[in-house]
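Letter by letter, the chains look like this.
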Amino acid sequence: MAEDLQIIKGTKAEQYEALIPQIKGLLTGESNLVANLANTAAALKEQFGWFWVGFYLVENDELVLGPFQGPVACTRIRKGRGVCGSSWEQARTLIVPDVEKFPGHIACSSLSKSEIVVPLFKEGNIWGVLDVDSSEYNQFDETDQQYLEQIVALLA
Ligand code: SME
């Protein structure tokens, strides 16, 4: 496995297309979940430079902070709370163009302006979420949804 990530310039789709095989390479032959979540978060952060990229993992009725890249963050989020807890409860990806307009948004940092949260499914059950935050408004769209859903499917 190559430990150097090749950073690509281009459209968002081109960046994801170049990144996904590299994430597959990072995951191949490694069964440790923390290692795989950590490298996935790092690869996304390195390629896109987002403010915060990380995982929250289901533990009973809460999400608990997992591997991430970025500033320190809230450790526990209840089901239905914030963007992460809402994505879990609604079992779907949520795109939030302006976090201040999302009722109940949990502001781990006032620098976060837009957000996408993608649930992690295994055999129909949600075991966590991928949370990506940007310091700019309107940074996430269906392209991110489509590719990030592909990436988290590699982690199941
Ligand atoms: N903003 C998230 C909380 C997690 S942090 O952004 C890292 C939310 O509303 O669920």
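This text goes with the structure placed above it.
Thresholds applied
Residues numbered from 1 in each chain as written. Predicted model: local features only at pLDDT ≥ 70, side-chain atom pairs only at ≥ 80, totals over all residues. Heavy atoms only, no water. Helix = DSSP H or I, 4+ residues; strand = E, 2+ residues; numbered from the N terminus. Rg over C-alpha atoms; globule rule 2.2 N^0.38 Å. Buried < 20%, exposed > 50% of the residue type's maximum accessible area, 1.4 Å probe, protein only. Contact = heavy atoms within 4.5 Å. Areas by Shrake-Rupley, 256 points an atom, 1.4 Å probe, with all protein chains shown as cover. Lys, Arg positive; Asp, Glu negative; His and termini not counted. Charge placed at Lys NZ, Arg CZ, Asp CG, Glu CD. Near = heavy atom within 4 Å. Polar contact = N/O pair within 3.5 Å; in protein donor to acceptor, adjacent residues only side chain to side chain. Nonpolar A, V, L, I, M, F, W, Y, C, P; charged D, E, K, R; others polar.

Student: Describe the overall build of the protein, and please don't skip the residues or the numbers.
Tutor: When its secondary structure is counted, the protein shows 4 helices and 6 strands. Written out in order from the N terminus, the α and β elements of the protein read α-α-β-β-β-α-β-β-β-α. The C-alpha radius of gyration computed for the protein amounts to 14 Å, which stays within 12% of the reference 15 Å derived for 156 residues, consistent with globular compactness. In terms of overall dimensions, the protein has a C-alpha envelope of 40 × 30 × 25 Å along the principal axes. Here the protein holds 156 residues, and 46% of them are scored as buried. In the protein, the proportion of contacts linking residues at least 24 apart, taken out of those at least 6 apart, comes to 52%. For the protein, the exposed surface amounts to about 8,000 Å²; the carbon and sulfur share of it is 48%. Charge separation in the protein, taken as the distance between the mean sites of 12 positive and 21 negative side-chain charges, equals 5 Å.

Student: Go over the site of the ligand with me, naming the residues and quoting the values.
Tutor: The local shell around the ligand holds 13 residues, among which Val83, Cys84, Ile106, Glu115 and Asp133 are the closest. One of the side-chain nitrogen or oxygen atoms of His105 is found 3.2 Å away from a nitrogen atom of the ligand. One of the side-chain N or O atoms of Asp131 is found 3.4 Å from an oxygen atom in the ligand. Mapped onto the shell around the ligand, the elements with two or more residues apiece are strand S1 (52–59), helix H3 (82–90) and strand S6 (125–134). Residues that form the shell around the ligand fall into these classes: 8 nonpolar, 2 polar and 3 charged.

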